[in-house]
Amino acid sequence: MLISIVLLAVVLAVALFNAATAPMLKKSISLQKCPRVSVLIPARNEAANISACIEGFQSQNYDNFEILVLDDQSTDQTGTIIEKFGEQHPEVQALRGKSLPAGWLGKNWACHQLSQYANGEILIFTDADNRPAPNAIANTVAYMQKLELGFLSAFPEKVTGSLTEKLVVPAVDMFVYAGLPLWLTYFSRFPSLAAASGLWIAFTRDAYQRIGGHQAVSNQIVEDVELSRLAKKSGIRILTLAGTGVVSCRMYHSFSEVWNGFSKNLFGLVHYKTIPFFTLMLALFTTCVLPYITVWFVSLRELSIVAIVMNIAMRMVLALKYRHPFFTSVILHPFGILLTLLIGINSFFQVRRGRLQWKGRQINLQVNE
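What counts, and where the lines are drawn
- Within any chain, residue numbers begin from 1 and follow the written order of that chain's sequence.
- Per-residue local features are limited, in this predicted model, to residues with pLDDT of at least 70; the limit for side-chain atom pairs, both in listing and counting, is 80 or more; totals at the level of whole chains, interfaces and linings are taken over all residues.
- The side-chain quantities take in all heavy atoms of the structure and omit both hydrogens and water.
- Numbering of helices and strands runs from the N terminus, with a helix taken as a DSSP run of H or I at least four residues long and a strand as a DSSP run of E at least two residues long.
- To get the radius of gyration, use the C-alpha atoms; to get the globule rule, take the number of residues to the power 0.38 and multiply by 2.2 Å.
- Buried means the residue's accessible area, taken with a 1.4 Å probe over protein chains only, is under 20% of the maximum for its type, while exposed means over 50%, and partly exposed covers the values in between.
- For every accessible area listed, the method is Shrake-Rupley and the probe measures 1.4 Å; residues are considered covered only by the protein chains on display.
- The sign given to each residue is positive for Lys and Arg and negative for Asp and Glu; His and the chain ends receive no count.
- A single reference atom marks each charge: NZ on Lys, CZ on Arg, CG on Asp, CD on Glu.
- Strands qualify as paired when DSSP identifies two bridges or more between them.
- When checking whether two residues touch, look at their non-hydrogen atoms; a contact exists if any pair is within 4.5 Å.
- The pocket and cavity definitions rest on a 1 Å grid over protein atoms only: a 1.4 Å probe that fits but cannot leave marks a cavity, an open set with protein on both sides within 12 Å along at least five of seven lines marks a pocket, and residues lining either have an atom within 4 Å of a point.
- Grid points are joined across faces, edges and corners, and a volume is the space filled by probe spheres set on the points.
- Residue polarity is assigned by list, with Asp, Glu, Lys and Arg as charged and Ala, Val, Leu, Ile, Met, Phe, Trp, Tyr, Cys and Pro as nonpolar; anything else, Gly included, falls into the polar class.
- By convention a nonpolar core is built from buried Ala, Val, Leu, Ile, Met, Phe, Trp, Tyr and Cys residues, the set being connected through side-chain atoms within 4.5 Å.

Colleague: Before we move on, could you go through the overall build of the chain and cite the residues and values that matter?
Modeller: Broken down by element type, the chain carries 15 helices and 12 strands. Radius of gyration (C-alpha) of the chain: 20 Å, near the 21 Å computed for a compact globule of 369 residues. In terms of its C-alpha atoms, the chain occupies a principal-axis envelope of roughly 70 × 45 × 35 Å. Out of the 369 residues belonging to the chain, those deemed buried represent 56%. Just so you have it, the chain exposes about 16,000 Å², and 58% of that area is on carbon and sulfur atoms. Here the chain contributes 32 positively and 24 negatively charged side chains, and the mean placements of these two sets differ by 7 Å.

Here it is as structure tokens:
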């Protein structure tokens, strides 16, 4: 239990440090100039989301940008909706995606195609279920100019509806906000201290080309993190920040979407390395779940209470700072972590068995220990 308390002290310290100092995309910074920006949106079976996403970008308080939307061989009305926007709005360019070639994953291939059509000096990759505030582009460009960044990524504010979403999505957010002091992504040279969210990634064109673009991560599921690491390895200045209040996203809408979506990603967060992965799983269990069990044993009660208080404090800080649902994040915290652990274990076995699927496509991975 003492080890758990030490680990919790570190996690709580990181959470408090980020809450006090973390770079926030909502911070207003003066623009030095307004370079051409290409907003790049891959969309596969996103008929329910794509209109609101495009409309959000059309409302930006930034004058010099284009919106490129690629229909990635959707089987619903996504393509029709995109084409209608392209016909009615000159700033929107509707593209049809080509067939998926061998050695590529779907989203990476779609982003690669989009980059081939982009005319901007800055490329912003986002998702169809993302909702940008009017200052999203301007603040992104201003940050990149002020800090001379080649790469910027923001973790969107997560919108949740169902109980499963409220339990798991903020718990996964916790990995970032309580696990990594965000300014280290800027000040540290170590690629291991890089992070990114594919929901909002901005490159200068030069930086994107220097690392080889999405072609360099063609078969990577967690391509966003790999892109940030490649950028840092190439000597490109990067920054990962919180997008709370500026970009928001409802990632999933049901238990099955949460289960399958995070099963696709969680094992990949540690480069598909078995020992680091289960070390992380064990650390999460012993720090965030075990104290709620050992508190019922008299000999361990005092230490368990200390650990529980630290857990509650950490989740309260994150809930207040990043707008996580308070009750499920704080009061039901151990249940959210436990469900996240189960999804993580499923992610491990799904990858090992080669059974990953997403949006009707089989995902084939070559995992080397």
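Colleague: Give a description of the pairing of strand E6 (residues 151-155) that names residues and reports values.
Modeller: Within E6, five of the five residues are buried, leaving the element largely enclosed by the surrounding structure. Burial along E6 is two-sided: Phe151, Ser153 and Phe155 facing one way and Leu152 and Ala154 facing the other are all buried. When E6 meets strand E8 (residues 200-204), the two strands line up antiparallel, connected through three bridges. The residue of E8 that forms the bridge with Leu152 is Ala202. Sheet topology places E6 next to strand E9 (residues 238-242); five bridges connect them, and they run parallel.

Colleague: Provide a residue-level description of the environment of Cys34, including the pertinent values.
Modeller: Mapping Cys34 onto the fold places it in the loop between helix H1 (2-21) and strand E1 (37-43). Judged by its relative accessible area of 43%, Cys34 is partly exposed. Separated by 107 residues in the primary sequence, Cys34 and Val141 place their C-alpha atoms 7.8 Å from one another. Discounting chain neighbours no more than four positions away, the residues touching Cys34 are Tyr62 and Asn64.

Colleague: With reference to specific residues and values, describe empty space enclosed by the protein.
Modeller: Inspection of every chain in the model, using the stated rule, returns one cavity of 30 Å³ or more. A volume near 40 Å³ is recorded for the largest cavity. Taken together, Lys107, Cys111, Phe125, Gly198, Ile201, His214, Glu223 and Leu227 make up the full set of residues lining the largest cavity. At the level of secondary structure, the elements contributing two or more residues to the lining of the largest cavity comprise helix H4 (106-117) and helix H9 (223-233). Taken together, the residues that form the lining of the largest cavity break down as four nonpolar, two polar and two charged.

Colleague: I'd like a description of the nonpolar core, backed by residues and values.
Modeller: With 39 residues, the main nonpolar core has Val37, Ile41, Ile50, Ile137 and Trp200 as its most contacted residues. If near-sequence neighbours (up to four positions away) are discounted, Ile137 is found in contact with Val37, Val39, Phe57, Gln60, Tyr62, Phe65 and Ile124.

Colleague: Quick one: what's the story with unusual backbone geometry, residue by residue and with numbers?
Modeller: Although it is not a glycine, Tyr272 sits at a positive phi angle of roughly 60°. Along the chain, Tyr272 falls in the loop between helix H10 (255-265) and helix H11 (274-288). Here Arg323, not a glycine, exhibits a phi torsion of approximately 60°, which is positive. By the secondary structure assignment, Arg323 is in the loop between helix H13 (301-322) and helix H14 (326-331). What makes Arg323 partly exposed here is its relative accessible area of 48%.

Colleague: I'd like to hear about the sheet that holds strand E7 (residues 157-158), residue by residue, with values.
Modeller: If you walk across this open sheet you meet the three strands as E5-E10-E7, and the pairing is mixed. Taken across any chain shown, the strands that pair with only one partner, and hence form the sheet edges, are strand E5 (130-132) and E7. Two strands pair when backbone bridges link them, and E7 and strand E10 (residues 247-249) are joined in this way by two bridges, in the parallel orientation. In the sheet register, Glu157 faces E10, and the bridge partner there is Ser248.

Taken by themselves, the reported measurements are silent on function.
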